[in-house]
Amino acid sequence: GVGYLGSSWLLAFDFVTNLSDKDDPRFRYHAGAEYFLAGQFPLRIGYQYDGDNERHRWCLGAGWVAKWGAIDIGYRQDAHRPPDRELTVALRFFL
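Scope of this entry: the structure provided in the associated data block. The structure displayed is predicted, hence computed values, not measured ones. (Residues numbered from 1 in each chain as written. Predicted model: local features only at pLDDT ≥ 70, side-chain atom pairs only at ≥ 80, totals over all residues. Heavy atoms only, no water.)

Now for the pattern of salt bridges. Any two side chains of opposite charge can pair, on the condition that their charged atoms come close. A full pass over the atoms with the stated rule returns seven salt bridges. Put simply, aspartate 72 and arginine 44 hold a salt bridge, and the shortest N to O gap is 3.1 Å. Here the residue aspartate 72 occupies a position in strand S6 (residues 69-78), and arginine 44 occupies one in strand S4 (residues 41-50), the gap between them amounting to 28 residues. Given the relative accessible area of 27%, arginine 44 is considered partly exposed. Between arginine 55 and aspartate 78 there is a salt bridge, with its nearest N and O atoms 2.9 Å apart. Separated by 23 residues along the polypeptide, arginine 55 in strand S5 (residues 55-65) and aspartate 78 in strand S6 bring together distant segments of the chain. (Salt bridge = Lys/Arg side-chain N within 4 Å of Asp/Glu carboxyl O. Helix = DSSP H or I, 4+ residues; strand = E, 2+ residues; numbered from the N terminus. Buried < 20%, exposed > 50% of the residue type's maximum accessible area, 1.4 Å probe, protein only.)

This part is about the packing of aromatic side chains. In total, this model carries ten aromatic pairs according to the counting rule given. Taking 6.1 Å as the distance between ring centres and 10 degrees as the angle between the ring planes, the aromatic pair formed by phenylalanine 27 and tyrosine 29 counts as stacked. A relative accessible area of 35% places phenylalanine 27 in the partly exposed class. Relative to tyrosine 49, the ring of phenylalanine 27 has its centre 5.5 Å away and its plane inclined at 45 degrees; by these criteria the two rings are tilted. Of this pair, phenylalanine 27 sits in strand S3 (residues 26-37) while tyrosine 49 sits in strand S4; the two residues are 22 residues apart in sequence, bridging distant segments of the chain. On the basis of relative accessibility, which here comes to 10%, the residue tyrosine 49 falls in the buried class. Chaining the aromatic ring pairs together yields one cluster made of Phe13, Phe15, Phe27, Tyr29, Tyr47 and Tyr49. (Phe/Tyr/Trp six-rings, centres within 6.5 Å; stacked < 30°, edge-to-face > 60°.)

A separate point is a nonpolar patch on the surface. A grouping of Tyr4, Trp9, Leu11, Tyr35, Leu37, Phe41 and Leu43 is seen on the molecular surface, where their side chains present a nonpolar patch of about 650 Å² in accessible area. Of all the secondary-structure elements, those providing two or more residues to the nonpolar patch are strand S2 (9-18), S3 and S4. Structurally, leucine 37 can be placed in strand S3. Leucine 37 gets classed as partly exposed once you look at its relative accessible area, which sits at 41%. (Patch = residues over 30% accessible without salt bridge, like charges linked within 9 Å, V, L, I, M, F, W, Y side chains within 5 Å. Areas by Shrake-Rupley, 256 points an atom, 1.4 Å probe, with all protein chains shown as cover.)

In C-alpha cells form, the structure reads like this:
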C-alpha cells in the first residue's frame, strides 16, 4: 500500500490480489483518509472493495485521543446490502 501523511491528515490506499486461479484473479482494495481535528479528534472516512465476495463497503469513524489512551467509534455499511452494517467501539490504553 501507499500513504501520504500531511501535517494533520493522512491518505492511504492498498491493493491485494489473489492469483491462485489464473483464469479468474480476485482482488481487494481499500482507500481512506483521516483528519486530526485539534490534534485530539481523528475523523475517518474510507471505502473497501472485496473481489472475493463482490462487496463494496464504505466506512466512517471518529475518536478522541489523550496521553493515557483513546476512544474510537466506527461505522461500516455494505453499499449493495444495506442491512449489512457494523458499529464498533474501541477503548485503548497507552502504557
